[in-house]
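Coordinate analysis (summary)
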Amino acid sequence: MDEIKAVLWDVDGTLLDFLAAERAAIKTCFSLFGLGECTDEMIAQYSAINVRWWQALERGEYTKPEILVGRFAEFFTARGIDPAVAPAFNAEYQVRLGDTIVFCPHALETVQALRGRVAQCAVTNGTKIAQDKKLARSGLDRLLDPIFISEVVGAEKPSAAFFAPVFASLGGIKPEEMLIVGDSLTSDIRGGINAGIRTCWYNPGGHAAPPELRMDHTISDIAEVLQIVEKSAR
């Protein structure tokens, strides 16, 4: 196998604990909008709805604005809350998502350890307003360069079109010399496969993967990426 010369990092759920940020942002917005208490059970319900809407986006069934508002409209309807509040709620939620920064275990240390050894980029489907704030507050904007946000790119992972500017930016590094690391089978791993990039599934929960989906690596700890990169250089 070729030596890995670039690592493409997913952000939410891979480098940063998205569920922690999601939980805090929703609770804050419920308070700001006077919607009463948002329990952990309600957040779990919303989170399941959210995943389903994002997967529909990845399949090209909705636009980004449609899924951002649609997920909250569905959640509010299920909870007996007027769904008309969904657009304003989502706008505030995007801002609040960047207020809570929790790194996944060993994520920051691994990115820091790889500095100067390989190129490191961020590849994310998150919204620009949320990701800009997260990356700045976490310091990842100073560790990862360049940063590719789907809203700016004009395409979503897993589309191969998302990776066209990545290839252009990284110049002489071939796709097979790149490794995409992410927690999502449908966006990160499928996206890497579509683009001809080596794939690394971050799977701390030990979930079973569908047999038809090929992965080059499966890890339970982000620190394992360092070992994968080192081994590729031998």
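For the structure itself, look to the data block above.
Residues numbered from 1 in each chain as written. Predicted model: local features only at pLDDT ≥ 70, side-chain atom pairs only at ≥ 80, totals over all residues. Heavy atoms only, no water.

Here we take up the overall build of the chain. Secondary structure assignment for the chain yields ten helices and six strands. Relative to the compact-globule value of 17 Å for 234 residues, the chain shows a C-alpha radius of gyration of 18 Å, a close match. Its C-alpha atoms put the chain at 60 × 35 × 35 Å along the principal axes. Taking all 234 residues of the chain together, the buried fraction comes to 48%. Within the chain, contacts between residues at least 6 apart in sequence are counted, and of these 64% link residues at least 24 apart. Summed over all atoms, the accessible surface of the chain reaches about 10300 Å², with 53% contributed by carbon and sulfur. Positive and negative side-chain charges of the chain, numbering 23 and 31 respectively, have mean locations separated by a distance of 3 Å. (Helix = DSSP H or I, 4+ residues; strand = E, 2+ residues; numbered from the N terminus. Rg over C-alpha atoms; globule rule 2.2 N^0.38 Å. Buried < 20%, exposed > 50% of the residue type's maximum accessible area, 1.4 Å probe, protein only. Contact = heavy atoms within 4.5 Å. Areas by Shrake-Rupley, 256 points an atom, 1.4 Å probe, with all protein chains shown as cover. Lys, Arg positive; Asp, Glu negative; His and termini not counted. Charge placed at Lys NZ, Arg CZ, Asp CG, Glu CD.)

Taken as a whole and judged by the stated rule, the model has 18 salt bridges. When the shortest N-O distance is used, the salt bridge between K64 and E156 registers 3.3 Å. On the criterion of sequence distance, the pair formed by K64 in helix α3 (residues 64-78) and E156 in the loop between α7 (150-153) and α8 (160-169) is long-range, its members being 92 residues apart. What makes K64 buried here is its relative accessible area of 7%. A residue is classified by how much of its surface remains accessible, and E156, at 17% relative accessible area, is buried. K157 serves as the salt-bridge partner of D188, at 2.6 Å between the closest nitrogen and oxygen. Taken together, the residues D188 in helix α9 (residues 185-195) and K157 in the loop between α7 and α8 connect sequence positions 31 residues apart. Comparing D188 with K157 shows no difference in burial state: the two are buried. Each of E92, R96, D99 and K133 takes part in a single network of salt bridges with overlapping partners. (Salt bridge = Lys/Arg side-chain N within 4 Å of Asp/Glu carboxyl O.)

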